[in-house]
Amino acid sequence: MKLPNAAEMRGLDLAAINDYHIPGIVLMENAGLGTVLMMEEEIGSAANTFALIFIGPGNNGGDGLVIGRHLHQRGCLPIFFFLCDPDKLTGDAAANMAIVQKLRLPFHIIDSETRVQAIPVLYKQFVGRGKPCYCIFDSIFGTGLSRPAEKHFAAIIDFINNSDLLWGIPIVSVDIPSGIDTDNGKVLGACIHADFTATYGCPKPGHILHHGPENTGKLRVIDIGIPPEVIQEASIATELLDTDTASALAANLNRKDNVHKGSTGHLGVLAGSTGKSGAAILAVKGALRSGVGLVSLFTPTQLNSIFETVLVEAMTVPLPSSKNFLAKDDHDMITEGLQGKRAVLLGPGSGTAPATAELFLTLYHNLALPMVLDADALNILAQNKKTLRKPAGARIFTPHPGEMARLLNCSVDDVQENRMQATQESCRIYSQGRDDCVMILKGAGTIITTSQNQTAINTSGNPGMATGGMGDVLSGIIGGLLCQGLSCRDAASVAVFLHGMAGDYLYRQRGFGYTATELAERLPQCMNTLLQSKDSPAAEG
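Residues numbered from 1 in each chain as written. Predicted model: local features only at pLDDT ≥ 70, side-chain atom pairs only at ≥ 80, totals over all residues. Heavy atoms only, no water.

## A word on the overall build of the protein chain
No. 1: Tallying secondary structure elements over the protein chain gives 22 helices and 17 strands in all.
No. 2: Relative to a compact globule of 541 residues, whose C-alpha radius of gyration would be 24 Å, the protein chain shows 27 Å and is just as compact.
No. 3: Seen through its principal axes, the protein chain has C-alpha atoms that stretch 85 × 45 × 45 Å.
No. 4: Expressed as a percentage of its 541 residues, the buried residues of the protein chain come to 56%.
No. 5: Total accessible area on the protein chain stands at roughly 22,000 Å², and carbon and sulfur atoms take up 49% of it.
No. 6: Put simply, the protein chain has 42 plus and 52 minus side-chain charges, and the middle of one group is 2 Å from the middle of the other. (Helix = DSSP H or I, 4+ residues; strand = E, 2+ residues; numbered from the N terminus. Rg over C-alpha atoms; globule rule 2.2 N^0.38 Å. Buried < 20%, exposed > 50% of the residue type's maximum accessible area, 1.4 Å probe, protein only. Areas by Shrake-Rupley, 256 points an atom, 1.4 Å probe, with all protein chains shown as cover. Lys, Arg positive; Asp, Glu negative; His and termini not counted. Charge placed at Lys NZ, Arg CZ, Asp CG, Glu CD.)

This is how it looks when you write it as structure tokens:
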């Protein structure tokens, strides 16, 4: 599903209006009616209730007027609060205002902070008539907001969020919670804390990034009649990585009856050092649970007994010159051992000893095999950024925010404040002109960007995954899917979604406190669900 920013969404609306001759007022009508139908599905009939609808300037306010009209049709009394001069509404919003006036529906003008103080008095009068409040509709600001809410707008937002009088009444935002930046999810001064958001045509980055998820509530995408051809023809580089998208990308993983371990790929893993053997173990488990046919772990000699004991389904290749950590002296043995492998994973628990760094940089620059770089492999790249050359093959980079900060030589706060920009910029820098590289910035709303400027924002995952070893499992899944024939982009996307999907199952069952090992064990069931159904968000037992 495409994820247009504010400018791109305006382009979709204009294309529907100008190229397909669909009047804007029809789109607005569909938006308002769709919102009312959504709320009837969510909380039931609006009959014999009243609703508060806060109207701002522009088409978002026009959507609110349509919502009010359709509530009126259903026996609900809409009460409009205009935060702007209704006589200054234009276009489709003005046309709907004329209908509201003809219907003599009640409205109040709240154009100052002093007038905001009158709302509690008015609300008590409405309640005193014996009908309950159905919903509060936030039609204040739409997707075009670019500056902080101030004065009476900020006071209204505070009232909606915090008034004891409104406690327990569903808050419904129209398109996006007022005060959220559509393009990045940042709060512009203050924002509505919605229980539901009805967004029109497509979801937006602001619903998924930064503070968007915690303020959007339950997100529903309303079809307002923009032809699918408009969306297909638009140059929208960002998409939402949801169940349907991941299922479609994973379709090539379905297997024929005569498949065997040789046809499902062989992954090479270079990982582990003294004190960090667990990272290598988790990476291998992630790969095995992704369905890869074979895994060979190239290991420091002194750690080999640990790996042979724990990883009974994997093969190990003990390296004679690598005692406690991987070393350049074993380069020839490693490159020979990687013959016949479909991909290689570098970095989990490897450490950054000079001999390890020399080995990894040599492989990075000269090995054409598709390569996943995680953890200390990324730290080695960051330490040697000035001398890096174009990699010899496809590369998938998997930094968390701290590693990304080192890759870009900036602070973690800088990364987190501009996650999409950081992912895209780092992909450009480290791909060095290759068109088959992928950068993954892990975290809430993991971002996946390709060197062909395609970006996806993940929807799976939860706070319970904030524990050690999760990234190691993810890197193994990516490597395993590469070996099973997925492209770098598809392997990264399916792995990220599947990883979060398994975490979501555990979070629903237990809350936080589950481990990376437990998540890895859940992967086959989730993969099965992903391949069988586009409708199920996670495996169910």
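Still more to cover.
## Here we look at the packing of aromatic side chains
Two measures describe an aromatic ring pair: the distance that separates the ring centres and the angle between the ring planes.
No. 1: Following the criterion strictly, the structure yields eight aromatic pairs and no others.
No. 2: With 5.1 Å between their ring centres and 15 degrees between their planes, Phe 54 and Phe 81 make a pair best called stacked. Of this pair, Phe 54 sits in strand β1 (residues 49–55) while Phe 81 sits in strand β2 (residues 76–82), and the two are 27 residues apart along the sequence. Taken as a pair, Phe 54 and Phe 81 share a single burial class, namely buried.
No. 3: Between Phe 141 and Phe 153, the aromatic rings sit 5.1 Å apart at their centres with planes inclined by 40 degrees, giving tilted as the arrangement. With Phe 141 in the loop between β4 (133–139) and α7 (151–162) and Phe 153 in helix α7, the pair connects residues that are twelve residues apart, well separated along the chain. The same class applies to Phe 141 and to Phe 153, which are both buried.
No. 4: Grouping aromatic residues by their ring pairs yields a cluster made of Phe 50, Tyr 123 and Phe 126. (Phe/Tyr/Trp six-rings, centres within 6.5 Å; stacked < 30°, edge-to-face > 60°.)

## Thoughts on the sheet that holds strand β3 (residues 107–109)
Within a beta sheet, neighbouring strands are joined by backbone hydrogen bonds and run either parallel or antiparallel to one another.
No. 1: Reading across from one edge, β3-β2-β1-β4-β5-β6-β7 is the order of the seven strands in this open sheet, with parallel pairing throughout. Looking along the sheet, the strands with just one partner apiece sit at the ends: β3 and β7 (218–222). Sheet twist, expressed as the mean angle between neighbouring strand axes with direction ignored, is 20 degrees.
No. 2: Bridge count for β4 against strand β5 (residues 171–174) is three bridges, and the pairing is parallel. (Pairing = 2+ DSSP bridges. Axes fitted to C-alpha atoms, helices over the stretch in contact; angles between N-to-C directions.)

## Section: the confidence of the model for the protein chain
In low-pLDDT regions, the fine details of the predicted coordinates are not to be read closely.
No. 1: Confidence in the prediction for the protein chain averages 96 pLDDT; 98% of positions are at 70 or higher.
No. 2: Throughout residues 535–541 the model reports pLDDT below 50, and contacts reaching past four residues in sequence, or to other chains, amount to 21 contacts. (pLDDT = per-residue confidence, 0-100. Contact = heavy atoms within 4.5 Å.)

## Let's talk about the sheet that holds strand β11 (residues 315–319)
No. 1: Strand order in the open sheet formed by ten strands is β8-β17-β16-β15-β14-β13-β12-β9-β10-β11, and the pairing between neighbours is mixed. Of all the strands in the sheet, just β8 (238–241) and β11 have a single pairing partner and so form its edges. Each neighbouring strand pair of the sheet contributes to a mean axis angle of 20 degrees, computed without reference to strand direction.
No. 2: Note that strand β16 (residues 447–450) and strand β17 (residues 455–458) share three bridges and pair antiparallel.

## Some details on the layout of surface pockets
No. 1: Taken as a whole, the largest pocket encloses approximately 870 Å³ of empty space.
No. 2: Secondary structure elements with two or more residues in the lining of the largest pocket: α8 (205–208), α9 (212–216), α16 (376–383), α17 (401–408), α20 (470–483) and α21 (488–510).
No. 3: With four residues, α20 is the largest single contributor of residues to the lining of the largest pocket.
No. 4: What the second largest pocket holds in volume is close to 590 Å³.
No. 5: In this structure, the second largest pocket is lined by 24 residues; those nearest its centre are Asp 13, Asn 59, Asn 60, Asp 63 and Thr 143. (1 Å grid on protein atoms, 1.4 Å probe; cavity = no way out; pocket = protein on both sides within 12 Å on 5 of 7 lines; lining within 4 Å. Points joined across faces, edges and corners; volume = space filled by probe spheres on them.)

## Topic: the pattern of salt bridges
No. 1: For the structure shown, the criterion picks out 15 salt bridges.
No. 2: Close ionic contact of Arg 289 with Glu 521 constitutes a salt bridge, the shortest N to O distance being 2.6 Å. Here the residue Arg 289 occupies a position in helix α12 (residues 277–290), and Glu 521 occupies one in helix α22 (residues 516–532), the gap between them amounting to 232 residues.
No. 3: Residue Glu 521 is classed as partly exposed on the basis of its relative accessible area of 34%.
No. 4: Arg 434 is the partner of Asp 436 in a salt bridge, and the nearest nitrogen-oxygen pair spans 2.7 Å.
No. 5: Because the salt bridges share partners, they merge into one network encompassing Glu 41, Glu 42, Lys 218 and Arg 220. (Salt bridge = Lys/Arg side-chain N within 4 Å of Asp/Glu carboxyl O.)

## Re α21
No. 1: For α21, which comprises 23 residues, the first-to-last C-alpha distance of 33 Å matches the rise-based estimate of 33 Å (1.5 Å per residue) to within 8%.
No. 2: For α21, a buried count of 18 out of 23 residues is recorded, marking the element as mostly surrounded by other parts of the structure. (Expected span 1.5 Å × (residues − 1).)

## Points about the environment of Ile 156
No. 1: Assignment of secondary structure puts Ile 156 in helix α7.
No. 2: Remark: the alpha-carbon pair of Ile 156 and Val 116, spanning 40 residues in sequence, is separated by 6.5 Å.
No. 3: Apart from the residues lying within four places of it in its own chain, the contact partners of Ile 156 are Phe 54, Leu 83, Ile 110, Val 116, Ile 119 and Ile 140.

## Side note on the pairing of strand β15 (residues 438–441)
No. 1: What you see with β15 is no split at all: Val 438 and Ile 440 on one side and Met 439 and Leu 441 on the other are buried throughout.
No. 2: Of the strand pairs in this sheet, β15 and β16 are connected by four bridges, and their pairing is antiparallel. Within β16, the residue paired with Val 438 across the bridge is Thr 450.

## Brief notes about unusual backbone geometry
No. 1: Positive phi, close to 60 degrees, is recorded for Arg 104, a residue that is not glycine.
No. 2: Mapped onto the secondary structure, Arg 104 falls in the loop between α4 (91–103) and β3.
No. 3: Backbone geometry at Lys 151 places phi at a positive 50 degrees, although glycine is not the residue there.
No. 4: Its relative accessible area of 63% is what places Lys 151 among the exposed residues.

## Examining the side chain of Ser 290
No. 1: Secondary-structure assignment places Ser 290 in helix α12.
No. 2: Under the relative-accessibility criterion, Ser 290 is labelled buried at 5%.
No. 3: Within the structure, Ser 290 has its side chain in polar contact with the backbone oxygen of Ala 287 (distance 2.6 Å).
No. 4: Among residues more than four places away in sequence, those in contact with Ser 290 are Ile 477, Gly 480, Leu 481, Gln 484 and Met 527. (Polar contact = N/O pair within 3.5 Å; in protein donor to acceptor, adjacent residues only side chain to side chain.)

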